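Fold and contact review
Listed here are the chains, written in short residue letters.
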Amino acid sequence: MASSDTQKKERALRARAFLETLKQRYPNCFTADLDAIRPLAIGIQQDLRKQLADDPELGDTPGWLVRQSLALYTRAPAYLEAIIDRRPRIHLDGSDAGDIDDQAVAFAQQRREEQKSRQAERRKQRQKARSKKPDPDQLRQQKLEKLAAKFNQS
């Protein structure tokens, strides 16, 4: 397990890079086109590991990297929206892998609502932080007034 923040960041970067590799290697399955994203087949991780094991370049890919890359892909808002829209599931080769069930839709809706509320909270925090920062023109005016008051006292 990654213990330090640096290790966690390095693992996250590796997972993002590996996800890009998956997009190149399996373009019919993994895509960056938000409108073309389709939910992955149930058990696709095992299929992916089998195919990677047979690949001389990627055969030694650690399991955590596969899991974390898939997690990045499946936690994305566009992926959750694809489940909510009930787009058909997809295999690595791009073929249909079945329909989305009600339980998956309910889970995706819950996750998406959580994402939206966290996003709204972050937006609120940024606005609060911005409102605490004084306007630069206001600061300049205050400094000039202090300076004028200081000279007027003399």
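In what follows, the structure referred to is the one given above.
What comes next is a walk through the structure. (Residues numbered from 1 in each chain as written. Predicted model: local features only at pLDDT ≥ 70, side-chain atom pairs only at ≥ 80, totals over all residues. Heavy atoms only, no water.)

**Topic: the overall build of the protein chain**
Where we set the bar: Counting from the N terminus, the helices are the DSSP runs of H or I reaching at least four residues and the strands are the DSSP runs of E reaching at least two. Buried means the residue's accessible area, taken with a 1.4 Å probe over protein chains only, is under 20% of the maximum for its type, while exposed means over 50%, and partly exposed covers the values in between. Whether two residues are in contact is decided by their heavy atoms, any of which lying within 4.5 Å being enough.
If you tally the helices and strands in the protein chain, you get 6 helices and 0 strands. Along the protein chain, helices and strands appear, N-terminal first, in the series α-α-α-α-α-α. Dimensions along the principal axes, computed over C-alpha positions, put the protein chain at roughly 85 × 35 × 25 Å. Burial statistics for the protein chain: of 154 residues in total, 27% are counted as buried. Here the contacts in the protein chain between residues at least 6 apart in sequence split such that 67% fall between residues at least 24 apart.

**Observations concerning a nonpolar patch on the surface**
Under the convention used in this document: Patch membership needs two things, relative accessible area over 30% and no salt bridge, and members are linked within 9 Å if like-charged or within 5 Å if nonpolar (Val, Leu, Ile, Met, Phe, Trp, Tyr). Each accessible area is a Shrake-Rupley estimate made with a 1.4 Å probe; only the visible protein chains count as cover when residues are assessed. Just to be clear on terms, a salt bridge is a Lys or Arg side-chain nitrogen sitting within 4 Å of an Asp or Glu carboxyl oxygen.
Together, L144, L147 and F151 line one region of the surface with nonpolar side chains, adding up to about 320 Å² of accessible area. In this fold, L147 is placed in helix 6 (residues 136-153).

**What to know about the pattern of salt bridges**
Taken as a whole and assessed by the stated rule, the structure comprises 8 salt bridges. R140 is the partner of D137 in a salt bridge, and the nearest nitrogen-oxygen pair spans 2.8 Å. One end of the pair, D137, and the other, R140, are both in helix 6, 3 residues apart, so they sit about a helical turn from each other.

**With respect to the nonpolar core**
For clarity, the cut-off: We call a set of buried Ala, Val, Leu, Ile, Met, Phe, Trp, Tyr and Cys residues a nonpolar core when their side-chain atoms join them within 4.5 Å.
With 30 residues, the main nonpolar core has Y26, C29, F30, L40 and L48 as its most contacted residues. Elements represented by at least two residues in this core include exactly helix 1 (5-25), helix 2 (44-53), helix 3 (63-74), helix 4 (77-84) and helix 5 (102-132). Setting aside chain neighbours within four positions, we find F30 in contact with L19, L22, K23, L40, L70, Y73 and L92.

**Overview of the packing of aromatic side chains**
Threshold: Here the aromatic set is Phe, Tyr and Trp, taking the six-membered ring for Trp, and pairing holds for ring centres within 6.5 Å; pairs whose planes are under 30 degrees apart are stacked, those over 60 apart are edge-to-face, and all others are tilted. Over a ring means this: the NZ of a Lys or the CZ of an Arg is within 6 Å of the ring centre and within 35 degrees of the ring normal.
One pass over the full model with this rule turns up 2 aromatic pairs. Both rings, one in F30 and one in Y73, keep their centres 5.1 Å apart while their planes meet at 75 degrees; by these two values the pair is edge-to-face. Of this pair, F30 sits in the loop between helix 1 and helix 2 while Y73 sits in helix 3, and the two are 43 residues apart along the sequence. Overall, Y73 belongs to the buried group, its relative accessible area being 4%. Here the aromatic residues F30, Y73 and Y79 are joined through ring pairs into a cluster of three or more. Between the NZ or CZ atom of R11 and the centre of the ring of W64, over which it lies, the distance is 3.8 Å.

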